[in-house]
Amino acid sequence: MGKRIAAMTPLLLAGLMSFADVTVAQQSLRVDLQLEPPHLDPTRTASATTAETVHRNVFQGLTRIDRHGDVQPGLAQRWQVSEDGLRYRFWLRQGVRFHDGRRFDAEVAAYSLRRLLSEDSGNPQRLLYQAIREVEVAGSHELVLHLSQPNSLLPFRLGLSAAVMVHPDSVHTNVTRPVGTGPYVFQGWERGSGVRLAAFADYWGQAPAIKHATFTYTGNRLELEGGLAEGLIDLYPDASSLTSHMALSHRADYRIKDGFSEGEVLLAINHARQPFGDRRVRRALSHAVDREALLDIYPAISPPLIGSHFSPRHPAYVDLADRYPHDPGRARELLAEAGQADGASLTLTVPPTQYAESASLYIASDLEAVGIEVALERLDWPQWLDQVFGEHDYDLTIVAHVEPMDIDIYARDDYYFNYRDADFRALWERIEAEQEETARHALLGEAQRHLADDAVNVFLFLKPQQAIHKVGLKGVWSDTPIPAVVLQELAWE
Amino acid sequence: MRKGFGLTVRLAVLTGLLTLVILSTIGLALMSFGEYRQALSRLSDESTRALMTASRLKQQSESMVGSGALLLLADDHFGRRQAMFEISDREEWIRELLAELEASPATQGSFAELEATLADLVDSFDALDALVQRRIDTQALRLSRGPHDEDSVVRLYHLEERIAEQMRTNRALSMKLGVAVGYHVNHIRSQLESSVNRLNEEIGQRERLLAGFAGVAMLVLLVTVFYVSRSVVYRVLRLHRAISRERPAPEELDVSGNDEIARMASSIQRYMHNISDNERRILAMNRELDFMASHDALTHLYNRHHFERAINERQQTLDSELYSVVMVDIDHFKRINDNHGHDAGDQVIRMVAHQLSRGLPDSALLARYGGEEFVALVPGCSAAAVAPMLDAIRHTLMDAAVQVDGVTLWVTVSFGVAQKIPDAAFSRCLKAADEALYEAKRCGRNRVVIRPLRQSDSEEDSDG
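Residues numbered from 1 in each chain as written. Chains lettered and ligands numbered in written order. Predicted model: local features only at pLDDT ≥ 70, side-chain atom pairs only at ≥ 80, totals over all residues. Heavy atoms only, no water.

### Remarks on helix α7 (residues 279–288) of chain A
Residues lying three or four places apart along an α-helix face the same way, a consequence of the helix completing one turn every 3.6 residues. Residue and element names in this part refer to chain A. We apply this condition: Buried residues are those whose accessible area, probed at 1.4 Å on protein chains only, stays under 20% of the maximum for their type, while exposed residues exceed 50% and partly exposed ones sit between those limits. The helix and strand labels rest on DSSP assignments: H or I over at least four residues marks a helix, E over at least two residues marks a strand, and numbering proceeds from the N terminus. Two residues form a contact once any of their heavy atoms are found within 4.5 Å. Between N or O atoms, a polar contact is any pair within 3.5 Å; within protein, one atom must be a potential hydrogen donor and the other a potential acceptor, and residues adjacent in sequence are included only when both atoms are from side chains.
The buried fraction of α7 is high, at 7 of 10 residues. Of all the positions in α7, only Val281, Arg282, Ala284, Leu285, Ser286, His287 and Ala288 are classed as buried. Considering only its buried residues, α7 is in contact with β13 (259–269), α9 (328–337), α10 (354–369), β16 (396–401) and β17 (458–465). Its side-chain oxygen placed 2.9 Å from the backbone nitrogen of Arg280, Asp278 serves as the N-cap of α7.

Structure, rendered in structure tokens:
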């Protein structure tokens with residue numbers, strides 16, 4: 001009897017082993033986000049690729065935005081707003097721990113928010129939360145925010161990547177070793193093999209189906225398309241402008257999802273550089289670009305054109321797409337009026353994103369057609385963030401702004417557009433203070449018209465969202481109300 | 001405590017040794033599995049990855065030619081820029097792949113040539129780009145001036161020549177790149193082969209080592225079995241055989257050694273000694289009882305019971321052979337007992353018994369017949385032969401004095417002898433001796449009287 005058991009044991013073990021192998025393969029995932037993040041702390045960079053890597057995976061906020069763009073409870077189980085809209089009371093979840101074992105409570109939440117608000121924190125979205133006058137700890141798991149003026153967008157904004165909860169003891173190393181309360185723990189970041197995440201054993205919520213995830217950042221278009229062709233990549237959030245899009249859409253092992261993002265694609269103009277301070281020049285640029293033809297960069301779809309910095313999906317949208325119809329003749333006239341008839345020359349700085357590279361070719365031709373000399377400057381993402389976003393060292397650049405409802409950037413003096421307009425600032429303050437929805441929508445319409453009239457940037461189109469993923473992967477977001485790859489909602493069939 | 005537990009210890013040691021060898025073998029096997037699994041995965045990881053990288057590199061360097069064609073076909077700056085984007089993307093990727101290949105542990109040798117070729121290729125494309133740019137501009141110029149503008153036609157002609165040459169250079173450089181990569185691919189492949197061979201050899205060596213271990217394990221097993229068999233089984237069997245005999249002799253047991261079996265053997269031996277001691281004692285007691293049953297306690301002569309039994313047993317001899325019977329009685333014994341006590345009486349009896357047994361032949365059957373009476377059967381002697389012996393005894397007794405409490409006693413004895421009466425039973429002879437004794441007493445004691453044979457004996461006999 002004993003001998004028979006002894007003889008069976010190796011077979012049993014072998015069987016178990018092979019079974020285990022099968023299960024491991026189905027619990028891991030490789031996601032590619034073309035742009036390399038400068039670092040991994042989303043409270044210190046506006047780069048969406050940092051948020052896509054760590055927001056909702058490693059870090060969580062008091063609230064969260066679901067796939068439909070609605071506000072849901074996050075680390076705050078519920079909240080209540082006072083009658084006058086100046087006090088928000090949040091009840092925080094119990095038993096939540098950071099990845100290093102430290103406790104999450106009202107003190108930690110208060111620390112995160114105060115840090116968000118402080119001037120020297122380096123948080124690029126700080127101004128979104130400036131309505132918060134004071135953060136009060138009302139209990140071990142109760143927080144009260146005192147506002148200087150009512151701000152109904154606050155719960156939504158607390159769900160953005162800039163407002164995630166951090167712990168004072170680990171915050172200083174979050175740039176290289178992010179420590180949060182999310183369902184995934186940071187395992188390592190090797191340049192070349194990407195960021196590795198693994199499911200957090202002591203997560204307060206439901207354990208995710210995907211146990212291991214790797215985020216890689218393949219900047220080179222050919223390498224990226226090659227990786228997809230070879231089936232190395234499980235999920236790529238935006239396949240819309242890939243040259244191999246058509247070929248990939250016919251493959252049986254991949255699926256392309258159609259959806260919407262909140263990303264306005266712009267030809268951004270540096271108002272601090274001459275001659276772009278002159279509105280006529282800017283209007284000339286707007287007339288020179290043939291936006292309809294530009295949509296050829298998307299072989300399979302036609303996203304909506306925009307005329308201002310606002311999403312057509314929002315109820316307050318005003319259609320200004322035809323404010324500056326394609327008219328090279330008119331463009332030349334305006335340039336002559338502005339004294340640029342002899343042919344201006346400028347540099348168009350191109351970040352490595354697909355749509356930017358493709359669009360730059362069209363735009364360069366369009367501008368050359370009205371007598372402007374164009375030099376194309378290609379930068380990689382960290383360089384773009386440093387040079388353009390940081391140092392404002394550019395003439396024109398092509399970029400998508402994927403944060404939702406971020407028209408307020410035009411009210412910031414230090415933003416890289418270098419657009420300083422007191423009227424717009426005043427308008428924006430009225431919008432922030434306006435509680436009543438219809439009135440606020442009307443004001444938002446005014447803001448849109450203001451930007452269009454001023455031709456602040458050349459507003460191109462709304463960035464389409466076409467995630468490409470392996471067949472069998474469930475839970476991929478169709479729309480991106482916020483830039484995020486939410487791993488905990490994904491599972492292999 | 002160590003004494004007497006040697007067997008347990010030794011068996012434990014041997015079993016331990018055996019277990020150790022077996023576990024070592026298994027451990028070695030497991031370790032080998034682990035080592036080889038690691039080696040294999042390392043091989044597959046590194047080498048496969050390197051092969052993939054190298055083949056991608058080859059593919060990309062060949063595709064450069066296609067990108068060059070795109071550039072060539074560009075008839076406006078849009079097309080030119082688009083082609084240049086692709087070329088610089090490809091070049092960037094080739095550089096990355098080169099770096100990866102160089103860093104891989106599966107490759108060896110210098111990549112300097114590859115890098116130099118790539119640099120040349122990049123320069124060549126830049127040159128082509130410049131030429132194409134000029135061609136596009138010159139085409140535009142020609143268009144604006146008119147199709148027969150000689151100046152632009154001539155310039156275009158020269159440009160086309162130079163472009164063609166540049167394309168040929170490009171193609172040659174791309175091929176050179178491809179071939180250089182091929183060298184590394186070959187190297188990786190042969191390294192893979194030799195690694196696999198080496199691994200095979202090592203596995204073979206390890207197999208032999210394991211077989212050796214298994215052999216050692218077998219050996220230790222055999223030694224253990226042999227040891228157990230010899231020092232346990234064999235000895236136990238011997239012990240069993242020794243004590244299963246009819247008459248087990250304790251001395252035959254082998255109690256040598258210092259272990260549990262030796263102790264058991266000593267215990268058994270001790271029991272056996274006990275048993276045989278007891279046996280001896282019982283036998284001795286038996287003999288004593290036997291003796292007591294057939295002998296008189298005081299004189300140690302046979303008692304009457306034994307005498308009569310002996311006579312019965314000797315019927316055959318008595319019928320066939322001559323014998324005489326003597327009856328003896330101590331004179332005035334009652335007087336001695338009354339006057340001097342029973343102790344004195346005992347002493348007298350003892351002395352008389354002693355003299356009688358001295359005086360009579362060894363073949364005589366002498367017994368104490370009563371309190372002061374003795375009887376003796378003297379085989380093979382006539383009465384006449386016996387009488388002198390008796391007389392001698394009588395005289396000895398007359399001279400022997402018995403000292404009792406400072407008093408000296410003189411003892412006399414009367415004898416009655418009868419010879420075997422032919423064709424008559426022993427009892428008749430005995431009776432005759434008794435009659436003779438009675439005669440002796442009547443005639444004054446201290447004398448030997450022989451009963452003569454009478455005719456009436458035979459008559460009586462026929463009657464009765």
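### Considerations on the pattern of salt bridges
For clarity, the threshold we go by: What makes a salt bridge here is a side-chain nitrogen of Lys or Arg within 4 Å of a carboxyl oxygen of Asp or Glu, nothing more.
For the structure on display, the rule yields 48 salt bridges over all chains. Asp151(B) is the salt-bridge partner of Arg145(B), the closest N and O atoms lying 3.4 Å from each other. The exposure class of Asp151(B) is partly exposed, given its relative accessible area of 37%. Across the salt bridge formed by Glu435(B) and Arg451(B), the nearest N and O atoms sit 3.5 Å from each other. In this pair, Glu435(B) sits in helix α11 (residues 426–442) while Arg451(B) sits in strand β8 (residues 448–451), placing the two residues 16 residues apart along the sequence. According to the relative accessible area criterion, Glu435(B) is partly exposed, its value standing at 37%. One continuous salt-bridge network, built from bridges that share partners, spans Arg221(A), Glu225(A), Glu357(A), Arg378(A), Glu86(B), Asp89(B) and Arg90(B).

### Concerning a nonpolar patch on the surface
Note the threshold: Any residue with relative accessible area above 30% and no salt bridge may belong to a patch, with like charges joined within 9 Å and the nonpolar Val, Leu, Ile, Met, Phe, Trp and Tyr side chains within 5 Å. Accessible surface area values rest on a Shrake-Rupley calculation with a 1.4 Å probe, where residue burial reflects the displayed protein chains alone.
Taken together, the side chains of Ile22(B), Leu23(B), Ile26(B), Leu30(B) and Phe33(B) present a nonpolar region at the surface, about 520 Å² in accessible area. Along the chain, Leu30(B) falls in helix α1 (residues 6–73).

### Regarding the packing of helix α3 (residues 112–145) of chain B against helix α4 (residues 150–243) of chain B
Residues and elements named next belong to chain B. Inclusion rule: Fitted lines through C-alpha atoms serve as axes, helices being fitted only where they are in contact, and the angles separating the N-to-C directions of these axes extend from 0 to 180 degrees. Relative orientations are named as follows: roughly parallel for angles under 35 degrees, roughly antiparallel for angles over 145 degrees, roughly perpendicular for angles from 65 to 115 degrees, and oblique for any other angle. Crossing chirality is assigned from the near helix's rotation relative to the far helix, an anticlockwise turn below a right angle marking it left-handed and a clockwise turn marking it right-handed. Residues are grouped as follows: Ala, Val, Leu, Ile, Met, Phe, Trp, Tyr, Cys and Pro are nonpolar; Asp, Glu, Lys and Arg are charged; every other residue, Gly included, is polar.
Interaxial distance between α3 and α4 falls to 9 Å at its minimum, and their mutual angle equals 160°. In terms of axis orientation, α3 runs roughly antiparallel to α4. Viewed along their axes, α3 and α4 form a crossing whose handedness is left-handed. Here the contact of α3 with α4 is composed, by residue class, of 18 nonpolar, 10 polar and 11 charged.

### Digging into the pairing of strand β4 (residues 76–81) of chain A
All names here are of chain A. Heads up, the condition is: At least two DSSP bridges between two strands are required for those strands to pair.
The pairing of β4 with strand β5 (residues 87–92) spans 5 bridges and is classified as antiparallel. Bridged to Ala76 within β5 is Leu92. The hairpin turn running from β4 into β5, its antiparallel successor, is 5 residues long, and Gly85 in that turn takes a positive phi close to 75°.

### Concerning unusual backbone geometry
Here the residue pair Gln274(A) and Pro275(A) is connected by a cis peptide bond, since its omega of 5° sits within 30 degrees of zero. For Arg56(A), which is not a glycine, the phi torsion comes out positive at approximately 75°. Relative to the helices and strands, Arg56(A) is located in the loop between α2 (48–54) and β2 (63–65). On the accessibility criterion, Arg56(A) (5% relative accessible area) is buried. Phi at His300(B) takes a positive value of approximately 60°, unusual for a residue other than glycine. When you line up the elements, His300(B) lands in the loop between α5 (260–294) and β1 (302–303). Accessibility expressed as a relative area gives 52% for His300(B), which makes it exposed.

### Examining the sheet that holds strand β14 (residues 345–350) of chain A
All names here are of chain A. Judged by pairing direction, the sheet is mixed, and its 5 strands sit side by side in the order β15-β14-β16-β13-β17 without closing on themselves. Strand pairing shows two members of the sheet lacking a second neighbour, β15 (373–378) and β17, which therefore form its edges. Direction aside, the axes of adjacent strands within the sheet are offset by 25° on average. As defined by bridge partners, β14 adjoins β16 across 2 bridges and the pair is classed as parallel. Bridge pairing links Leu348 to Leu396 in β16.

### Notes on the interface of chain B and chain A
The test is simple: Take the accessible area each of two parts loses on contact, using a 1.4 Å probe, and add the two losses: that sum is the buried area.
In this assembly, 15 residues from chain B lie in contact with 16 residues from chain A. Around 1,500 Å² of area is buried between chain B and chain A when both sides are counted, 54% of it from carbon and sulfur atoms. Remark: the boundary between chain B and chain A carries 5 salt bridges. We note a salt bridge from Arg56(B) to Glu230(A), for which the minimum N-O separation is 2.9 Å. Linking chain B with chain A are 9 residue pairs in polar contact (both at pLDDT 80 or more). Every element with two or more residues in the side of chain B that touches chain A is listed here: α1 and α2 (77–103) of chain B. Per-element accounting of the side of chain B that touches chain A gives the leading share, 12 residues, to α2(B). Class assignment of the residues belonging to the side of chain B that touches chain A gives a composition of 4 nonpolar, 4 polar and 7 charged.

### A short note on the environment of Phe424(A)
Residue and element names in this part refer to chain A. Among the secondary structure elements, Phe424 is positioned in helix α12 (residues 422–433). Separated by 26 residues in sequence, Phe424 and His450 have C-alpha atoms that sit 7.4 Å apart. Ignoring sequence-local partners within four residues, the contact set of Phe424 consists of Ile407, Tyr410, Ala411, Tyr419, Ala447, His450 and Leu451.

### Quick look at the nonpolar core
All names here are of chain A. We apply this condition: By nonpolar core we mean a set of buried residues, namely Ala, Val, Leu, Ile, Met, Phe, Trp, Tyr and Cys, connected to one another through side-chain atoms within 4.5 Å.
Grouped together as the largest cluster of nonpolar side chains are 38 residues, with contacts concentrated most on Leu267, Ile363, Leu367, Ile372, Leu396, Leu460 and Phe461. Looking at this core, the elements with two or more residues in it are β13, α7, α9, β14, α10, β16 and β17. Ranked by the residues each element gives to this core, the list is headed by α10, at 6 residues. Apart from residues no more than four positions distant in its own chain, Ile363 is found in contact with Leu267, Val289, Leu294, Leu348, Ile398 and Leu460.

### Quick look at helix α13 (residues 437–453) of chain A
All names here are of chain A. The following threshold applies: To estimate how far a helix should reach, multiply one less than its number of residues by 1.5 Å.
Between its first and last C-alpha, α13 extends 24 Å over 17 residues, near the 24 Å set by a 1.5 Å rise per residue. Residues of α13 that are buried include every one of Arg440, His441, Leu443, Leu444, Gly445, Ala447, Gln448, Leu451 and Ala452, and no others. Ala455 sits one or two residues past α13 and shows a positive phi near 45°.

### Some remarks on the packing of helix α5 (residues 221–229) of chain A against α2(B)
Remark: α5(A) packs on α2(B), axes separated minimally by 8 Å, with the N-to-C direction vectors making an angle of 70°. Taken together, the axis directions place α5(A) and α2(B) in an arrangement best described as roughly perpendicular. Each of Arg221(A), Leu222(A) and Glu223(A) in α5(A) lies in contact with α2(B), whose residues at this interface are Glu86(B), Asp89(B), Arg90(B), Trp93(B) and Glu96(B). For the contact of α5(A) with α2(B), the residue count by class is 2 nonpolar, no polar and 6 charged.

### Quick look at the sheet that holds strand β3 (residues 365–368) of chain B
All names here are of chain B. As summarised here, the arrangement of the 6 strands in space is β1-β3-β4-β2-β7-β8, forming an open sheet in which the pairing is mixed. Two strands in the sheet have a free side with no partner beyond their single neighbour: β1 and β8. Note that β1 and β3 share 2 bridges and pair parallel. Opposite Tyr302, over in β3, you have Ala367 as the bridge partner.

The analysis is restricted to geometry; functional conclusions fall outside its scope.
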